Amino acid sequence: MTNTKKNKMKPNTTFRELAALQREQIAKQKPATIEEVRAQITRLQKQSEKSFALAAPKAQEDLKKITTPLSRNDARRICIWLFRKQITIEMIAKDVLVELQETD
């Protein structure tokens, strides 16, 4: 099903028209209960953890390739991997860790 069929849009629909259609669709939805929201959050957290665990070996492999001087992107990726528990501090090379601690 294409986006035009789903939203009953003309092919050249403007952003404003699309936004108005989406507001109408949201207004027609029944409100979610707090239990439904909690269940969705729990489901999404489990899916994220599973996805992060599957990507962990690749992150650990990529970590071994990172050397000093660190780029902003390298520092950002290391922080993301740590936050996602895909790597540990002990896995980071000493020179990389020292430089990472000095970044802001």
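A. Here's a closer look at the overall build of the chain. Counting secondary structure elements, the chain contains 5 helices and 0 strands. When the helices and strands of the chain are read in sequence order from the N terminus, they spell out α-α-α-α-α. Scored against the burial criterion, the 104 residues of the chain give a buried share of 18%. Residue pairs at least 24 apart in sequence account for 42% of intrachain contacts in the chain once pairs closer than 6 positions are excluded.

B. The arrangement of helix α4 (residues 72–83) in detail. With 12 residues, α4 ought to run about 16 Å at 1.5 Å a step, and its terminal C-alpha atoms sit 16 Å apart, in line with that. Considered for burial, the residues of α4 that qualify are Asp74, Ala75, Ile78 and Trp81. End-on, the buried residues of α4 take up no more than an arc of 125 degrees, which puts them together on one face. Across from the buried face of α4, at angles greater than 90 degrees, the exposed residues are Arg72 and Phe83. In this structure, the buried residues of α4 make contact with α3 (34–65) and α5 (94–102).

C. Representation of the environment of Ala55. For Ala55, the position within the fold is in helix α3. Among the residues examined, Ala55 registers a relative accessible area of 32% and is labelled partly exposed. When the C-alpha positions of Ala55 and Arg84 are compared, they lie 9.9 Å apart, and in sequence the two are 29 residues distant.

Basis of the calculations
- Residues numbered from 1 in each chain as written.
- Predicted model: local features only at pLDDT ≥ 70, side-chain atom pairs only at ≥ 80, totals over all residues.
- Heavy atoms only, no water.
- Helix = DSSP H or I, 4+ residues; strand = E, 2+ residues; numbered from the N terminus.
- Buried < 20%, exposed > 50% of the residue type's maximum accessible area, 1.4 Å probe, protein only.
- Contact = heavy atoms within 4.5 Å.
- Expected span 1.5 Å × (residues − 1).
- Arc of directions from axis to C-beta.

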